[in-house]
Amino acid sequence: MSMDTGAVGSEMVIECSEVLDVSLVSDFKVLLQQASSQNTPIVLDASQLERIDAAGLQLVTAFFQEAVESGLSVSWRNPTEALVYAADLTGLKEILQL
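These figures come from a predicted structure and were not determined experimentally.

Draft legend 1. Spotlight on unusual backbone geometry. You will see that asparagine 78, though not glycine, has its phi angle at about 55°, which is positive. Here asparagine 78 shows up in the loop between β6 (74-77) and α3 (81-89). Within the chain, glutamine 97 stands out as a residue other than glycine whose phi angle is a positive 55°. By relative accessible area, glutamine 97 is classed as partly exposed at 47%.

Draft legend 2. Expanded view of the packing of aromatic side chains. Under the criterion given, the structure shown has 1 aromatic pair. Arranged with centres 5.5 Å apart and planes meeting at 15°, the rings of phenylalanine 64 and tryptophan 76 form a pair that is stacked. Taken together, the residues span a long stretch of sequence, with phenylalanine 64 in helix α2 (residues 54-70) and tryptophan 76 in strand β6 at a distance of 12 residues. Side by side, phenylalanine 64 and tryptophan 76 carry an identical accessibility label, which is buried.

Draft legend 3. Broad picture of the confidence of the model for the protein. On average, the protein scores 90 in pLDDT, and the residues at 70 or more come to 91%. Note that residues 3-7 has pLDDT below 50 and, in this model, 10 contacts with residues that lie over four places away or in other chains.

Rules used in this analysis
Residues numbered from 1 in each chain as written. Predicted model: local features only at pLDDT ≥ 70, side-chain atom pairs only at ≥ 80, totals over all residues. Heavy atoms only, no water. Helix = DSSP H or I, 4+ residues; strand = E, 2+ residues; numbered from the N terminus. Buried < 20%, exposed > 50% of the residue type's maximum accessible area, 1.4 Å probe, protein only. Phe/Tyr/Trp six-rings, centres within 6.5 Å; stacked < 30°, edge-to-face > 60°. pLDDT = per-residue confidence, 0-100. Contact = heavy atoms within 4.5 Å.

Below is the structure:
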């Protein structure tokens, strides 16, 4: 996971790693909090994401809900089939804007 702030101009891009599970949600939460404090549109690049568990889904769902409430723009770049499938399976596809 990394945050790339310079390459895209006015967007904050957060690159998801191959896995977003319970062992990584704390670190990813820190990245999301840092990005949201910048008050610029956030793009989650999920092109490498191969596996996401319930903890990962819970984190991004809470983040999307908080973003909507605060008027912060959050979007996905290249969501993988694994992410879309997990969101669809859990009924979170609409909340996660997938």
